[in-house]
Protein chains: 2
Amino acid sequence: MRPTVHDIAAAAGVSLATVDRVLNRRPGVRIVTREKVEQAIERIGYVRDVAAANLAKGRVYPLIFILPSGDNSFMRGLEEEIRAAILRSPVERTEISIVTVPAFDAGALVAALDEAAAVSPAGVAVVAVDSPDVVAAVDRLRVGHIPVVTLVSDLTGSARDHFAGIDNIAAGRTAASLMGRFLGHRPGPVAVLAGSMLVRDHRDRLEGFLAVMEEMFPDHRLLPVIEGQDDPARVARLIGETLAASPEIAGIYSLGAGNRGLIAALKKRGKGPPICVIAHELTPHTRAALEEGQIDAVLNQDAGHEVRSAIRVLKAKADGMAVVGAQERIRIDIFLKDNLPFEQGSETNLPFEQGSRNEPEQGRKD
Amino acid sequence: MRPTVHDIAAAAGVSLATVDRVLNRRPGVRIVTREKVEQAIERIGYVRDVAAANLAKGRVYPLIFILPSGDNSFMRGLEEEIRAAILRSPVERTEISIVTVPAFDAGALVAALDEAAAVSPAGVAVVAVDSPDVVAAVDRLRVGHIPVVTLVSDLTGSARDHFAGIDNIAAGRTAASLMGRFLGHRPGPVAVLAGSMLVRDHRDRLEGFLAVMEEMFPDHRLLPVIEGQDDPARVARLIGETLAASPEIAGIYSLGAGNRGLIAALKKRGKGPPICVIAHELTPHTRAALEEGQIDAVLNQDAGHEVRSAIRVLKAKADGMAVVGAQERIRIDIFLKDNLPFEQGSETNLPFEQGSRNEPEQGRKD
DNA sequence: GAAAATCTGATGTACGTAAATCAAAAATCT
DNA sequence: AGATTTTTGATTTACGTACATCAGATTTTC
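Residues numbered from 1 in each chain as written. Chains lettered and ligands numbered in written order. Predicted model: local features only at pLDDT ≥ 70, side-chain atom pairs only at ≥ 80, totals over all residues.

1. Quick look at the overall build of chain A
Along chain A, the regular secondary structure elements total 15 helices and eleven strands. Relative to its 366 residues, chain A shows a buried fraction of 49%. Across chain A, contacts joining residues at least 24 apart in sequence account for 71% of those joining residues at least 6 apart. (Helix = DSSP H or I, 4+ residues; strand = E, 2+ residues; numbered from the N terminus. Buried ≥ 20, exposed ≤ 12 C-beta atoms within 10 Å, placed from the backbone. Contact = placed C-beta atoms within 7 Å.)

Structure follows, in structure tokens:
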């Protein structure tokens, strides 16, 4: 049987009230007494029953998610996952609000972060623009004891508590590795399409990609990086121009968003030698392009996983609890047309009507 | 504010006791009254506070994990993950026991399942040998209202509640797709190394691999499937013989375990034209081989994820609760040497000593 | 229409923790 | 030593649910 506060009290030879004071860091306990209690806790291996504690506290976790607005498919998918989490709010004791700000706009993001701080939530998750102003704003939150998790794109040199996203350098390296091997001895230059160098994830991917291409596949010339601002129309135009200027192109690595534009440009091109295309994020567009063969591989981060992870981490940090590191590591999914996951759809057991068949005695006491 | 049992009572115009009788399926409620209560529940959108309910019940979930014995690295890693889950038991209210049975031995597995049934646990997770006897044993458990989750390898045509593992047909297809593209126009036959056709995961991988090879890369001749029984020594011998018999071999797909033997045989071979090797499961051995270049790609399933998922699902099923489908989908990880995850190690916040810096007032009431 | 059976209400205890109050004890200061 | 401050103990209520008991009300049965 798991030890309780009563057991601590008995073991330490103090009253329940004192144990409570120590556990909840209330004032009015001498250091010696506090240490006696802490030793007892250590000795009998007490762990707070978080469920009971939350019940007693009536605790809820107000969380704020800040992400870019606009019609970026990935970001909208992310938002959808957050909304799915909102539906689970009553069960998870969260109160999630979503704030959107223009993409790549550090000023707007700082304003949103400061507004978030004003309502002192239990935690903030943010898709970061990597700039010193933003770092400062995040650090202001941290100083106010509000845990912050960066989501999807990290922040350089800030005190954020955690990054819920993939290792983007590794993603870029992986893209290069696949690109090089898929191309084999096929000649021709490789183009890189990015969104903006203002966000860390894009910079990291580029860094990893360039490193492996130069080291392992130096025969392939790399064209100057194209910045599409994650805007499909702009991307379509720029890629169209590039294809016209360099018809012998052998590969394209799209490390940002706006892949709709890329796919449109590729379709428009029509015939010509095959181009190996590697893109990021599995959206309806990239999925279709993968199935139809315009794209050869998609590197993906699971938005649902990231959102759930961010929530778990924020709650844990707010309570000063441990985090299962391995569980919070977001993996780089590599999708070829052969391992596409089935379309979404969650197994829904009705929570109430069904379980009846299991006998009530199933649970044990003690 | 979330509705409680009191709110149901008020809304339905009955007493708390009656609400309790309906909620917990106790006898002594007329159908009309029961319906009145159920409508009220529906109407005000009540959801049982599982934490409070578990607290009141003092519920724990006795779970049994059944997996193969032997020195299969993946399975031992799986066992380690189960032990990690046992450490979290007090927090998760689980009581996990591990049972090991000889690999590929349906009879032993059936015996273990029946023994498990005898102690009527809250749920059973099993790495299944795919045979009718095992299906029958699992179905006996299900008839006894004990939820069953198959782990890693599924069971054909049984009533198991859930499969916590990857889509192995897709994994085989993916392996073929990578193999074909990595080989490019390099000629030479491809060898397939399996463990045993008695387990579903191996059969599925083979099926997927063969399908894509035949359809997309018909130029590559496939050598007869080698069955290594997941035994490194046997694998080393068989692969050694194969390499000697077919020195022009271009690729090897190892879809089972015993990769230590494969790697040893490859090292022993030494020089010769490069062989594209794709294997399953990231273990210390395959990881090293990936880094050193003996293996080109590793398809992996995250054992930790599978174990945690199995536990979540079993608990949910035992309570008749809903399952977040997307969260329980186990992904096929593809590792090249460029995207290997860092070595393990969980961020450890001490649960108690640290969090102090966050103010106690952080939590809200209401 | 009365007795028997069935249903419903009222009430209390429990789970493990949080939080508050007030009295009592111990330490500190003068 | 006495007054003052600080520390500790004892006790109570609450969170939302489970479960048990017993009395009272309603239905059913003959």
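Now that the structure has been shown, we can carry on.
2. As for the nonpolar core
Grouped together as the largest cluster of nonpolar side chains are 100 residues, with contacts concentrated most on M179 and L193 of chain A together with M179 and L193 of chain B. The residues touching L193 of chain B, leaving out its near neighbours within four places in the chain, are I226, G228, V235, I239, I252, S254, L255, G256 and L262 of chain B. (Core = buried A, V, L, I, M, F, W, Y, C linked by C-beta atoms within 7 Å.)

3. Concerning the protein's contact with DNA strand D
Near DNA strand D, the surroundings consist of 26 residues, among which S15 and T33 of chain A together with T4, A53 and A56 of chain B are the closest. Of all the secondary-structure elements, those providing two or more residues to the surface near DNA strand D are α2 (16-23) and α4 (50-57) of chain A together with α2 (16-23) and α4 (50-57) of chain B. Considering every element that reaches the surface near DNA strand D, the biggest residue donor is α4 of chain B, with five residues. (Near = placed C-beta within 6 Å.)

4. Topic: the protein's contact with DNA strand C
By nearness alone, 26 residues border DNA strand C, and T4, A53 and A56 of chain A together with S15 and T33 of chain B come closest of all. Of all the secondary-structure elements, those providing two or more residues to the surface near DNA strand C are α2 and α4 of chain A together with α2 and α4 of chain B. Top element by residues in the surface near DNA strand C is α4 of chain A. It accounts for five residues.

5. Points about the domain arrangement of chain A
All names here are of chain A. What the domain assignment reports for chain A is domain 1 (5-47), domain 2 (58-165 + 304-330) and domain 3 (168-300). Taking the mean C-alpha position of each, domain 2 and domain 3 sit 29 Å from one another. Contacts between domain 2 and domain 3 engage 16 residues on the former and eleven residues on the latter. A per-class count over the side of domain 2 that touches domain 3 returns seven nonpolar, seven polar and two charged. (Domains from an automatic or database assignment. Nonpolar A, V, L, I, M, F, W, Y, C, P; charged D, E, K, R; others polar.)

6. Quick notes on the pairing of strand β4 (residues 148-151) of chain B
All names here are of chain B. The alternating pattern of β4 places V148 and T150 on one face and V149 and L151 on the opposite face, and all of these are buried. Pairing geometry for strand β3 (residues 123-126) and β4, over three bridges, is parallel. Its bridge partner lying in β4, V124 is registered against V148. Between the parallel elements β3 and β4, the chain passes through helix α8 (residues 132-143) in a crossover that is right-handed. (Pairing = 2+ DSSP bridges. Right-handed = clockwise from strand over helix to strand, strands pointing away.)

7. A short note on helix α11 (residues 232-245) of chain A
Between its first and last C-alpha, α11 of chain A extends 20 Å over 14 residues, near the 20 Å set by a 1.5 Å rise per residue. Here the buried face of α11 of chain A lies against β6 (190-194), β7 (226-227) and α12 (259-269) of chain A. (Expected span 1.5 Å × (residues − 1).)

8. Side note on α2 of chain B
All names here are of chain B. Taken together, the buried positions of α2 are T18, V19 and V22. All buried residues of α2 fall inside an arc of 100 degrees around its axis, so they share one side. Those residues of α2 that are buried lie in contact with α1 (5-12) and α3 (31-44). Two residues or fewer past α2, R25 is found with a positive phi of approximately 55 degrees. (Arc of directions from axis to C-beta.)

9. Observations concerning the sheet that holds strand β3 (residues 123-126) of chain A
Residue and element names in this part refer to chain A. Pairing is parallel across the open sheet formed by five strands, whose spatial order is β2-β1-β3-β4-β5. Of all strands in the sheet, those bounded by a partner on one side alone are β2 (94-101) and β5 (162-164). Neighbour-to-neighbour, the strand axes of the sheet open up by a mean angle of 20 degrees, direction not taken into account. Where strand β1 (residues 61-68) lies against β3, four bridges are found, and the strand directions are parallel. By the bridge assignment, I66 is partnered in β3 with V126. (Axes fitted to C-alpha atoms, helices over the stretch in contact; angles between N-to-C directions.)

10. Some points on the sheet that holds strand β10 (residues 297-300) of chain A
Residue and element names in this part refer to chain A. Strand order in the open sheet made by the six strands is β7-β6-β8-β9-β10-β11, with mixed pairing throughout. Each edge of the open sheet carries a strand with a single partner, namely β7 and β11 (333-335). As paired strands, strand β9 (residues 276-280) and β10 are joined by three bridges and run parallel to one another. Paired with H280 across the bridge in β10 is L299. Here helix α9 (residues 168-183) sits on the sheet in contact with β6, β8 (251-254), β9, β10 and β11, set at roughly 165 degrees to β9.

11. A few points about the environment of L238 of chain B
Its place among the elements puts L238 of chain B in helix α11 (residues 232-245). It is 9.1 Å that separates the C-alpha atoms of L238 of chain B and G261 of chain B, two residues lying 23 residues apart in sequence.

12. Structural notes on unusual backbone geometry
The phi dihedral of F104 of chain A falls on the positive side, at around 60 degrees, and the residue is not glycine. Within the fold, F104 of chain A resides in the loop between β2 and α7 (106-118). Taking the C-beta count within 10 Å as the criterion, F104 of chain A has 18 such neighbours and is therefore assigned partly exposed. Phi is positive for V152 of chain B, close to 70 degrees, though the residue is something other than glycine. Structurally, V152 of chain B is set in the loop between β4 and β5 (162-164). Judged by the 27 C-beta atoms lying within 10 Å of it, V152 of chain B is buried.

13. Here we look at the environment of A191 of chain A
Relative to the helices and strands, A191 of chain A is located in strand β6. Each C-alpha atom, one on A191 of chain A and one on T156 of chain A, is 27 Å from the other, the two residues being 35 residues apart in sequence.

14. Considering the packing of α2 of chain B against α3 of chain B
Residues and elements named next belong to chain B. Between α2 and α3, the least distance of the axes is 10 Å, while the angle of their chain directions is 90 degrees. Here α2 lies roughly perpendicular to α3, going by the angle between them. Along the contact surface, α2 presents T18, V19 and V22, while α3 presents T33, R34, V37 and E38. Partitioning the contact of α2 with α3 into residue classes produces three nonpolar, two polar and two charged. (Parallel < 35°, antiparallel > 145°, perpendicular 65-115°, else oblique.)

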